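As a plain string of letters, each chain reads:
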Amino acid sequence: MNNTNQAVSHEHTVQQFYNNALPCYLEIMGDRWHHGDPDAVAAGLSRVRACEILEERMAELAGLDATKKVLDFGCGVGGPTLHMAKISGASFIGVTNNESIIQTATENAKKVALAEQVTFMTLEDTGYKNLPFTDNTFDAITFYESVCHLTDKARAFTEFARVLKPNGRIVGDDWIQRSFGENQTESQIMKFMEPVNRFYFIPWHATVEGYKKMMEDAGLEVFLARDLYHGVKCWTFQDEQAPQWAMYDGPEAETFREGEKALDAARHAGVFSLGLWGARKAA
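Here's what I pulled together on the structure shown here. Bear in mind that the values here come from a model prediction, so they are computed numbers and not experimental data.

A few points about the overall build of the protein
Here is step 1: A count of helical and extended segments in the protein gives ten helices and seven strands.
Here is step 2: Computed over the C-alpha atoms, the radius of gyration of the protein is 18 Å, within 12% of the 19 Å expected from 2.2 N^0.38 for a compact globule of 283 residues.
Here is step 3: By principal-axis analysis of the C-alpha atoms, the protein measures approximately 45 × 45 × 40 Å.
Here is step 4: Residues counted as buried form 55% of the 283 residues belonging to the protein.
Here is step 5: Residue pairs in contact within the protein that sit at least 24 positions apart in sequence constitute 78% of those at least 6 positions apart.
Here is step 6: Carbon and sulfur atoms make up 51% of the accessible area of the protein, which totals about 12,200 Å².

Regarding the sheet that holds strand β2 (residues 91-96)
Here is step 1: The strand order across the open sheet formed by seven strands is β3-β2-β1-β4-β5-β7-β6, and the pairing between neighbours is mixed. At either end of the open sheet lies a strand with only one pairing partner, and these are β3 (118-122) and β6 (220-227). Pairs of neighbouring strands in the sheet enclose a mean axial angle of 15°, with direction left out of account.
Here is step 2: Across the sheet, helix α7 (residues 186-200) lies against β5 (164-177) and β7 (272-281), angled at about 105° from β5, the strand it touches most.

Let's talk about the packing of aromatic side chains
Here is step 1: The full count for this structure, using the stated rule, is 18 aromatic pairs.
Here is step 2: When the centroid spacing of 5.2 Å and the interplanar angle of 65° are considered together, the rings of Phe73 and Phe160 count as edge-to-face. Of this pair, Phe73 sits in strand β1 (residues 69-73) while Phe160 sits in helix α6 (residues 153-163), and the two are 87 residues apart along the sequence.
Here is step 3: Taking the relative accessible area as the measure of exposure, Phe160 reaches 0% and is therefore buried.
Here is step 4: Between Phe157 and Phe160, the aromatic rings sit 5.7 Å apart at their centres with planes inclined by 90°, giving edge-to-face as the arrangement. Of this pair, Phe157 and Phe160 both sit in helix α6, three residues apart, roughly one helical turn.
Here is step 5: Taken together, the ring pairs in this structure connect Phe17, Tyr18, Tyr25, Trp33, Trp175, Tyr200, Phe201, Trp245, Phe256 and Phe272 into an aromatic cluster.
Here is step 6: The aromatic ring of Phe138 is capped on one face by Lys69, whose charged end is 5.6 Å from the ring centroid.
Here is step 7: Lying over the aromatic face of Phe223, Arg169 brings its terminal NZ or CZ to 4.7 Å of the ring centre.

Some words on the pattern of salt bridges
Here is step 1: In total, this model carries 18 salt bridges according to the counting rule given.
Here is step 2: For Asp31, the salt bridge identified is with Arg32, shortest N-O distance 3.0 Å.
Here is step 3: Residue Arg32 is classed as buried on the basis of its relative accessible area of 6%.
Here is step 4: Linked through salt bridges whose partners overlap, the residues forming this network are Asp31, Arg32, Arg49, Glu52, Glu55 and Glu56.

Rules behind the numbers
- Here the residue numbers are simple positions, counted from 1 along each chain's written sequence.
- Given that this is a predicted model, residues contribute local features only at a pLDDT of at least 70 and side-chain atom pairs are listed and counted only at 80 or more, while totals for whole chains, interfaces and linings are drawn from all residues.
- Hydrogens and waters are ignored; side-chain quantities use all the structure's heavy atoms.
- Helical segments are the DSSP runs of H or I of at least four residues, strand segments are the runs of E of at least two, and each set is numbered from the N terminus.
- We compute the radius of gyration from the C-alpha atoms alone; for a globule the expected value is 2.2 Å times N to the 0.38, where N is the number of residues.
- Exposed residues in this analysis have more than 50% of their type's maximum accessible area, buried residues have under 20%, and partly exposed residues fall in between, with area computed by a 1.4 Å probe over protein chains only.
- The criterion used for residue contact is that any of the two residues' heavy atoms lie within 4.5 Å.
- Reported accessibility uses the Shrake-Rupley method at a 1.4 Å probe radius. Residues are deemed covered only where the shown protein chains occlude them.
- At least two DSSP bridges between two strands are needed for those strands to be called paired.
- Every axis corresponds to a line fitted to the C-alpha atoms, with the helix fit spanning only the stretch in contact, and the corresponding angles, defined between N-to-C directions, vary from 0 to 180 degrees.
- Aromatic rings from Phe, Tyr and Trp, taking only the six-membered ring of Trp, are treated as a pair when their centres fall within 6.5 Å; an angle between ring planes under 30 degrees marks them as stacked, one over 60 as edge-to-face, and anything in between as tilted.
- Only when the NZ of Lys or the CZ of Arg is both within 6 Å of the ring centre and within 35 degrees of the ring normal is a charge said to sit over the ring.
- Each salt bridge in this description consists of a side-chain nitrogen of Lys or Arg and a carboxyl oxygen of Asp or Glu lying within 4 Å of one another.

Keep in mind these numbers describe shape, not what the thing actually does.
The following block contains the structure:
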C-alpha cells in the first residue's frame, strides 16, 4: 500500500509541476519541449527546425503513414504530435496527466486545422499503468522525454506493448544518465543528477541499456538503442536560451532558474544525455 501511495503522490507532483511549467515553457520553448536532432543542431539550424527534424526522423522510424493510428505519450502542448500528423497523414491520440496542457494542445490542433486528425486526452495521474485503450489498438507509439517522469517505467512499457498492434512500433527519446570522463561511480554521477531529479520531479533516470531491457522484458524486439550524444557532452541550445531562463519572472521563476542551472551542470559534467529507442511487437 505504501508503494502505491508514493507512486500516486509522485505523479501528482509532476502534474502540479507542469501547472507552473506551462507558462514558462510556452514563453521560452514554445510548443516544442524536447531536444532537437543533434546533427541539425551541429549544422546551425534553428531550435524549432532541429526539433522538427527529430520528429520527422521518429515518424520515419515508426513507419507512419495515413493508414496508421498512433499514441503519443506525454504529448505536451502538441507541437511534435501535430507535426508528425501533418507530415505523415497518420491519426494521433496525445495523452498526458495535466488538463491545462491538454486544453492548450487541443486549441493548438484547432489552430492548424488538425482537430479531426489529432485528439488529446487527459490520463489519471497513474493512468499509464492501465491505459484506457483495448489491446492491439495502435499501429505505433511515440514519446518525447516523458517516460523519465514515471515511477514505474517498466509498467509503462508493458502497457505500451499491450495496446500496440502486432508488428507495431514504439519509437521515443528520453533523458538518461551515464558515466562520463572523471564521473564514473554512482556517487559521482548522482552529485550532478540528484538536483536534476529534484527540480524536474524525476524519480530516477534510466540508461540506454536500462530502457532497452525494460522494452525487452515487455516482450518487444528492440531494433534501436543509442545515446544521441555518445562520447560527447549533450549541449544544444542552452547557451542560446540562457538569457530567457535568467529573465523569466512567471510562476516559480526562481525554481525554474535553479533547475536550469542544475541541468546545465549535469550537461557540463557529461553525465546527462539523451537516448533514442525503437522497438517492435512481434506479429
